[in-house]
Amino acid sequence: MSYRWAMQLAIEGDLRFISHHDTMRAFERIASRANLPLQYSQGFNPRPVFSFTCPRPVGVASQDDRLVLALNGSIEKADLLARLNHHSLEGMRFTSARLLEQAKTLHPQSVTYEMDLPEDSVGTVTQRVAELANQPVWTVQRKVKSKRGKRPAMDTRDVDIKPMLAKLEVSDGKLRFVCTVKDGNSARPGEVLEISGLIGPEYLAELVRTKIEDEF
């Protein structure tokens, strides 16, 4: 019998700089070392069946990453979390888990981010956010893969991210924003920082994903 677990984990410290692909590889090793009754895919190269429902941008820390893991045997929630945390990496903590009904699938609806603003930028960012509230469109340039030619290439296109944000505010010295997710499309955290006047990778590294809202 298959058991599907929806798991919540935090990724902090230097580990926030690893890619989604490396995060997947790291979890595969952790789950294997934890001696869990993993469910494997079919074919010539079987792999454990799991997925991150909302991949984390490189450089962004997270208090709420979501993972769906398939097991072939039953296990107590406390034992599952204890085994994973025992074999986990520094900066990765598994904080909660719940069983999913067989037909249920997690669909992210919104993702909340926040960051502590440098003291010397609180005023300018607050003013910029106030100005944005009166603008009908929030246009950013987004790099997208191009299908032109034989080799993959990157094109740049203008994207209005205002409809993709449920909230953008400055409060108590923090920038907070909520990105909605529809048909797999959402504003990118770096784009939101850019329109807020925070341009540069050093700002992305200060960002924390605090919450994911799911729909079953």
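What counts and how
- Residues numbered from 1 in each chain as written.
- Predicted model: local features only at pLDDT ≥ 70, side-chain atom pairs only at ≥ 80, totals over all residues.
- Heavy atoms only, no water.
- Pairing = 2+ DSSP bridges.
- Helix = DSSP H or I, 4+ residues; strand = E, 2+ residues; numbered from the N terminus.
- Core = buried A, V, L, I, M, F, W, Y, C linked by side-chain atoms within 4.5 Å.
- Buried < 20%, exposed > 50% of the residue type's maximum accessible area, 1.4 Å probe, protein only.
- Contact = heavy atoms within 4.5 Å.
- Salt bridge = Lys/Arg side-chain N within 4 Å of Asp/Glu carboxyl O.

**A short note on the pairing of strand β8 (residues 165-171)**
In step 1: Here six bridges tie β8 to strand β9 (residues 174-180), and the two strands are oriented antiparallel to one another. Within β9, the position partnered with V170 by the bridge is L175.

**Describing the nonpolar core**
Most often, soluble globular proteins have nonpolar side chains that are buried together.
In step 1: By size, the foremost hydrophobic cluster in this structure holds 27 residues, and its most contacted members are I161, L165, L168, L175, F177 and V192.
In step 2: Within the residue set of this core, elements represented by two or more residues are β5 (107-116), α3 (122-133), β8, β9 and α4 (189-195).
In step 3: Once residues lying within four places of it in the same chain are set aside, the contact partners of L165 are W138, F177, V178, C179, T180, A187 and V192.
In step 4: I18, F52, L80 and L84 belong to the second-largest nonpolar core, a separate cluster that totals 24 residues.

**A closer look at the pattern of salt bridges**
In step 1: Here the structure, examined in full by the defined rule, presents 13 salt bridges.
In step 2: As a salt-bridge pair, E12 and R93 come within 3.2 Å of each other at their nearest N and O atoms. Of this pair, E12 sits in the loop between β1 (3-11) and α1 (20-33) while R93 sits in strand β4 (residues 92-100), placing them 81 residues apart in sequence.
In step 3: Taking the relative accessible area as the measure of exposure, R93 reaches 40% and is therefore partly exposed.
In step 4: A salt bridge links K211 to E213; the shortest N-O distance between them is 2.9 Å.

Honestly, it's all geometry; don't read function into it.
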